[in-house]
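Examination of the molecular architecture
As a plain string of letters, each chain reads:
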Amino acid sequence: LQHQLEGHVALEASVLKVAPSNEGFEVSYTKNGSCKKITAKKVISTLPANVLASTFPFLDTSLKTAIDAIEHAPMLLLYLGYNKTQIGQEQNGFGYLIPQQEKQPYLGGIWTSAIFPEVAPAGKSLFTLFVGGVNNKAAIANPEEAIAKAKTAFEKHMQINGKPGFQSHYIVKRAIPQFNLGYYKLMAQMDAVETQYPGLKISGNWRTGVAIGDCVAGNLQ
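Residues numbered from 1 in each chain as written. Predicted model: local features only at pLDDT ≥ 70, side-chain atom pairs only at ≥ 80, totals over all residues. Heavy atoms only, no water.

**Observations concerning the packing of helix H2 (residues 61-68) against helix H5 (residues 183-196)**
- For the pair H2 and H5, interaxial distance at closest approach is 11 Å and the crossing angle is 135°. The angle between H2 and H5 falls in the class oblique. The handedness of the crossing between H2 and H5 is left-handed. Across from Leu63, Ala66 and Ile67 in H2, the residues of H5 making contact are Leu186, Gln189, Met190 and Val193.
- Tallied by class, residues from the contact of H2 with H5 come to six nonpolar, one polar and no charged. (Axes fitted to C-alpha atoms, helices over the stretch in contact; angles between N-to-C directions. Helix = DSSP H or I, 4+ residues; strand = E, 2+ residues; numbered from the N terminus. Parallel < 35°, antiparallel > 145°, perpendicular 65-115°, else oblique. Left-handed = near helix turned anticlockwise from the far one by under 90°. Contact = heavy atoms within 4.5 Å. Nonpolar A, V, L, I, M, F, W, Y, C, P; charged D, E, K, R; others polar.)

**A word on the packing of aromatic side chains**
- Applying the stated criterion to the full structure yields nine aromatic pairs.
- The interplanar angle of 80° and the centroid separation of 6.3 Å between the aromatic rings of tyrosine 106 and phenylalanine 154 together place this pair among those described as edge-to-face. Of this pair, tyrosine 106 sits in the loop between strand E6 (95-97) and strand E7 (108-110) while phenylalanine 154 sits in helix H4 (residues 143-157), placing them 48 residues apart in sequence. Here the two residues tyrosine 106 and phenylalanine 154 agree in accessibility, since each one is buried.
- A centroid spacing of 4.9 Å and a plane angle of 75° characterise the contact between phenylalanine 179 and tyrosine 183, whose relative ring orientation is edge-to-face.
- Classification of phenylalanine 179 by relative accessible area gives partly exposed; the value is 42%. (Phe/Tyr/Trp six-rings, centres within 6.5 Å; stacked < 30°, edge-to-face > 60°. Buried < 20%, exposed > 50% of the residue type's maximum accessible area, 1.4 Å probe, protein only.)

**Quick notes on the sheet that holds strand E3 (residues 34-40)**
- Within the open sheet, the three strands sit side by side as E1-E2-E3. Their pairing is antiparallel. Looking at which strands have only one partner, the edges of the open sheet turn out to be strand E1 (14-21) and E3. Each strand of the sheet is rotated relative to its neighbour by a mean of 20°, with strand direction disregarded.
- Here E1 runs beside strand E2 (residues 24-31); their pairing, made up of seven bridges, is antiparallel. The residue bridging valine 18 from the neighbouring strand is valine 27, located in E2. (Pairing = 2+ DSSP bridges.)

**Comments concerning the pattern of salt bridges**
- Tallied over the full model, the rule gives five salt bridges.
- Glutamate 71 is the salt-bridge partner of lysine 137, the closest N and O atoms lying 3.0 Å from each other. Linking lysine 137 in the loop between strand E8 (124-132) and H4 with glutamate 71 in the loop between H2 and strand E5 (72-83), this pair joins segments that are 66 residues apart in sequence.
- Glutamate 71 sits in the partly exposed class, given a relative accessible area of 28%. (Salt bridge = Lys/Arg side-chain N within 4 Å of Asp/Glu carboxyl O.)

**Some thoughts on unusual backbone geometry**
- Within the chain, lysine 103 stands out as a residue other than glycine whose phi angle is a positive 55°.
- Checked against the element boundaries, lysine 103 lands in the loop between E6 and E7.

**Comments concerning H4**
- For H4, built from 15 residues, the straight-helix expectation of 21 Å at 1.5 Å per residue is met to within 8% by its first-to-last C-alpha distance of 21 Å.
- The complete set of buried residues in H4 reads Ala146, Ile147, Ala150, Ala153, Phe154 and Glu155.
- Its buried side turned inward, H4 meets E5, E6, E8 and strand E9 (166-177).
- At the exit of H4 stands glutamine 159, carrying a positive phi of roughly 55°. (Expected span 1.5 Å × (residues − 1).)

**What about the sheet that holds E9?**
- With antiparallel pairing, the five strands of this open sheet are ordered in space as E6-E7-E8-E5-E9. Each having just a single partner strand, E6 and E9 make up the two edges of the open sheet. Between one strand and the next, the sheet's axes are offset by a mean angle of 25°, whatever the strand orientation.
- Of the pairings in the sheet, the one linking E6 to E7 comprises three bridges and is antiparallel in character.

So this is what it looks like as structure tokens:
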């Protein structure tokens with residue numbers, strides 16, 4: 001994408017503010033320590049909900065309050081790498097999600113290197129596990145214990161012998177937006193904003209759905 005948009009993209013820039021103008025929208029941003037502005041007929045935002053209010057100050061105060069109040073579940077991403085000879089379970093798919101009634105210490109796993117072989121060295125397998133979520137918020141409060149439980153269960157499910165040769169984790173405190181009762185009212189308000197300001201598209205996982213496919217589809221509408 002970077003090469004295809006050569007000369008028409010500003011990387012490593014931080015957007016400060018978006019404001020309506022006679023020509024569409026004025027976007028203020030910083031890049032390499034300098035403040036700059038551009039005018040755009042269309043603006044597509046996929047910002048997280050918690051920074052939307054400061055970036056779009058022209059939004060109604062009550063609407064910004066409602067956006068800031070969106071509940072987000074935390075998530076601990078656990079990355080594990082093993083020799084393929086250690087793994088008894090065949091990796092012939094995307095991965096799996098675990099139903100809540102199974103009461104497992106993690107939500108599911110992606111067979112990362114089965115989907116993208118280039119992310120792991122030859123003879124190795126890389127996995128991504130999801131730990132936490134709305135029903136296990138305590139996981140990020142004690143990550144070492146959460147990681148140990150998830151790893152033990154995962155190795156049992158995947159029939160893995162021995163310890164991982166690679167292990168890392170990353171915590172996202174505001175990971176998964178929760179579409180709680182009455183959420184449709186907020187979405188209707190956002191639709192009204194886009195109607196009021198033609199050329200503005202506010203997207204992201206809190207609007208279109210958590211899955212990448214949902215986010216892409218939401219921007220194609």
